[in-house]
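Below, each chain spelled out in residue letters.
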Amino acid sequence: MVILRRVQDALGWVPRGAVPVIADIVNLSRAEVHGVVSFYHDFRPEPPGRTVVRLCRAESCQAAGGEALADHVQNRLGLKFGQTTRDGSFTLEAVYCLGNCACSPAAVIGDELIGRLTPDRFDQIIASAERVRR
Ligand code: FES
């Protein structure tokens, strides 16, 4: 797990080619290492977009308007959860509690934890991210 975490921290994902190398290092089968990568949703088997949006879908955020916010986020990005835009700009991921329940609904956009997220604020953040890339 630590090695997989470090690979993902360094690359943003765990390339398929890393699995046999890691398996050799920890003396496990490729299937066992692949099983860990595929079981834990935090491990990405594909490269993420340049900005990863991780929207909380757990209870506190749901109770604070999270469902409507999730609909808005998906429409704004043109993505379903688990997808990346064709141009590689954004990846949308569902997470289940960011430890920021007191400030629900919450998300991590890029490296920033954001609480009390509204559709308008989300649009502002995304527009800012898009401007930075141009
Ligand atoms: S339920 Fe969303 S941050 Fe805890």
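These numbers were taken from a predicted model, which means no experiment stands behind them.

Asker: Looking at this structure, I do not really get the overall build of the chain. What am I missing?
Answerer: Summing up its helical and strand segments, the chain has five helices and four strands in all. Listed by position from the N terminus, the elements making up the chain come as α-α-α-β-α-β-β-β-α. Once the C-alpha set of the chain is aligned to its principal axes, its extents read approximately 50 × 35 × 20 Å. Residue burial in the chain is summarised as follows: out of 134 residues, 39% are buried. Look at the contacts in the chain between residues 6 or more apart in sequence, and 57% of them connect residues 24 or more apart. Approximately 8100 Å² of the chain is accessible, and the part contributed by carbon and sulfur atoms is 52%. The average position of the 16 basic charges and that of the 15 acidic charges among the side chains of the chain differ by 4 Å.

Asker: Explanation requested: the pattern of salt bridges in the structure shown.
Answerer: A pair can form between side chains of opposite charge whenever their charged atoms are brought close. Taken as a whole and assessed by the stated rule, the structure comprises seven salt bridges. Across the pair R5 and D9 runs a salt bridge whose closest N-O atoms are separated by 3.5 Å. With R5 and D9 both in helix α1 (residues 2-11) and four residues apart, the pair spans about one turn of that helix. Its relative accessible area of 34% is what places R5 among the partly exposed residues. Assessed through its relative accessible area of 55%, D9 is described here as exposed.

Asker: So what exactly am I meant to see when it comes to the packing of aromatic side chains here?
Answerer: Aromatic rings in a pair are described by how distant their centres are and how their planes are angled relative to each other. Scanning the entire structure with this criterion turns up two aromatic pairs. Between the aromatic rings of F39 and Y40, the centroid separation amounts to 4.9 Å while the plane-to-plane angle is 85°, which identifies the pairing as edge-to-face. By relative accessible area, Y40 is classed as partly exposed at 38%. Arranged with centres 6.5 Å apart and planes meeting at 90°, the rings of Y40 and F43 form a pair that is edge-to-face. Taking the relative accessible area as the measure of exposure, F43 reaches 5% and is therefore buried. One aromatic cluster is present, formed by F39, Y40 and F43 through successive ring pairs.

Asker: In this structure, what is going on with the layout of surface pockets? I would like to understand it.
Answerer: Remark: the empty space left among the atoms is shown by a probe the size of a water molecule rolled over them. One number sums up the size of the largest pocket: a volume of about 640 Å³. Contributing to the lining of the largest pocket are 28 residues, with Y40, H41, F43, R44 and P45 lying nearest its centre. Secondary structure elements with two or more residues in the lining of the largest pocket: α2 (18-26), α3 (30-39) and β2 (90-95). Counted by class, the lining of the largest pocket contains 14 nonpolar, seven polar and seven charged residues. Counting residues domain by domain, the lining of the largest pocket receives three or more from each of domain 1 (2-39) and domain 2 (51-133).

Asker: Mind showing me how you'd approach the nonpolar core here?
Answerer: Proteins that are soluble and globular tend to have nonpolar side chains buried together. V53, V73, L77 and F122 are the most contacted members of the largest nonpolar core, which totals 16 residues. Listing elements by their share of this core, those giving two or more residues are β1 (51-56), α4 (59-77), β2, β3 (107-109) and α5 (119-133). Element by element, the count of residues in this core is highest for α4, at four residues. With residues near it in sequence (within four places) discarded, V53 still touches V73, L77, F90, T91, L92, E93, V108, I109, F122 and I126. In this structure, V7, V19, V37 and F43 belong to the second largest nonpolar core, which totals ten residues.

Cut-offs used in this document
Residues numbered from 1 in each chain as written. Predicted model: local features only at pLDDT ≥ 70, side-chain atom pairs only at ≥ 80, totals over all residues. Heavy atoms only, no water. Helix = DSSP H or I, 4+ residues; strand = E, 2+ residues; numbered from the N terminus. Buried < 20%, exposed > 50% of the residue type's maximum accessible area, 1.4 Å probe, protein only. Contact = heavy atoms within 4.5 Å. Areas by Shrake-Rupley, 256 points an atom, 1.4 Å probe, with all protein chains shown as cover. Lys, Arg positive; Asp, Glu negative; His and termini not counted. Charge placed at Lys NZ, Arg CZ, Asp CG, Glu CD. Salt bridge = Lys/Arg side-chain N within 4 Å of Asp/Glu carboxyl O. Phe/Tyr/Trp six-rings, centres within 6.5 Å; stacked < 30°, edge-to-face > 60°. 1 Å grid on protein atoms, 1.4 Å probe; cavity = no way out; pocket = protein on both sides within 12 Å on 5 of 7 lines; lining within 4 Å. Points joined across faces, edges and corners; volume = space filled by probe spheres on them. Nonpolar A, V, L, I, M, F, W, Y, C, P; charged D, E, K, R; others polar. Domains from an automatic or database assignment. Core = buried A, V, L, I, M, F, W, Y, C linked by side-chain atoms within 4.5 Å.

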